[in-house]
Amino acid sequence: MTRVYIQAGLRRVVYKRAGGKCEYCLLQEDDTSFTHHYEHVIPLRHGGATTANNLALACLECNLAKGTDLTTFDPLDGNITRLFSPRTDQWDEHFELKNAMIEGKTAIGRATVYFLRFNDPLRMIQRQALIRIGRYP
Ligand SMILES: [Zn+2]
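All values reported here derive from a predicted model rather than from experimental measurement. (Residues numbered from 1 in each chain as written. Predicted model: local features only at pLDDT ≥ 70, side-chain atom pairs only at ≥ 80, totals over all residues. Heavy atoms only, no water.)

## Description of the coordination of the zinc ion
The protein atoms that coordinate the zinc ion are Cys 22 (SG), Cys 25 (SG), Cys 59 (SG) and Cys 62 (SG), at distances spanning 2.3 to 2.4 Å. For the zinc ion, the four donor atoms in the first shell make angles of 102 to 116° at the metal, a pattern classed as tetrahedral. Taken in chain order, the donor set of the zinc ion reads C-x2-C-x33-C-x2-C. As far as burial versus exposure is concerned, Cys 59 and Cys 62 are alike and both buried. (Donors = N, O, S within 2.8 Å, 3.2 Å for Na, K, Ca; no water. Tetrahedral: all angles 85-135°; square planar, octahedral: opposite > 155°, others 65-115°. Buried < 20%, exposed > 50% of the residue type's maximum accessible area, 1.4 Å probe, protein only.)

What follows is the structure, encoded as structure tokens:
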């Protein structure tokens, strides 16, 4: 993973736009042990730029799972599908929260839920606890 310096002003823009939430799984930074990452939606190795319109706030788990990938398979039919882009896609259009489980409503949603491991058991337990105390989503 390439480490890139992102200027404080740009980090503030990205953080504020996201409201402190991971733009993939909606986890608030305050509810994790690790600070969120400034993630390149289109990774540098694919020609993405370090600009506000290519950066997203992402929790550690989402960012590490996504890495430099842009596509994966739709678990429903096996078709190659691009991952969700917080910069061009609407969360509610692709995902639905059912209790603590995030379900994909579209091929992009299903592929992203699978690839970013939204519903790993520990993440769901954490989400369930946060829902119970009114801190998620
Ligand atoms: Zn996340």
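## Looking at the packing of aromatic side chains
All chains considered together, the criterion is met by four aromatic pairs. Note on Tyr 24 and Phe 84: the rings are 6.2 Å apart at their centroids and 80° apart in plane angle, and the pair reads as edge-to-face. Of this pair, Tyr 24 sits in the loop between helix 1 (8-18) and strand 1 (37-40) while Phe 84 sits in the loop between strand 4 (80-82) and helix 3 (91-94); the two residues are 60 residues apart in sequence, bridging distant segments of the chain. Pairing Phe 84 with Phe 95 gives two aromatic rings, centres 5.0 Å apart and planes at 70°, and the pair type is edge-to-face. Within this pair, whereas Phe 84 is found in the loop between strand 4 and helix 3, its partner Phe 95 is found in strand 5 (residues 95-98), the two being separated by 11 residues in sequence. (Phe/Tyr/Trp six-rings, centres within 6.5 Å; stacked < 30°, edge-to-face > 60°. Helix = DSSP H or I, 4+ residues; strand = E, 2+ residues; numbered from the N terminus.)

## Section: the nonpolar core
Nonpolar side chains tend to gather and get buried jointly when the protein is soluble and globular. In this structure, Tyr 24, Cys 25, Cys 62, Ile 102, Leu 116 and Phe 118 are the most contacted members of the largest nonpolar core, which totals 23 residues. In terms of residue count, the dominant contributor to this core is helix 4 (residues 107-115) (three residues). Beyond its immediate stretch of four places on either side in the chain, Tyr 24 contacts Glu 39, Val 41, Ala 56, Ala 58, Cys 62, Lys 66, Phe 84, Pro 86, Trp 91, Leu 116 and Phe 118. Counting residues in hydrophobic clusters, the runner-up holds five residues, among them Ile 6, Val 14, Ala 18 and Leu 57. (Core = buried A, V, L, I, M, F, W, Y, C linked by side-chain atoms within 4.5 Å. Contact = heavy atoms within 4.5 Å.)

## With respect to the environment of Leu 83
Along the polypeptide, Leu 83 turns up in the loop between strand 4 and helix 3. Of the residues examined, Leu 83 reaches a relative accessible area of 6% and is grouped as buried. Spatially, the C-alpha atoms of Leu 83 and Leu 116 are 9.2 Å apart, while their sequence positions differ by 33 residues. Filtering out sequence-adjacent residues up to four positions away, Leu 83 remains in contact with Lys 66, Asp 69, Leu 70, Thr 71, Thr 72, Asp 89, Ile 108, Ala 111, Thr 112, Phe 115 and Leu 116.

In short, the description is geometric, and any link to function would need to be established separately.
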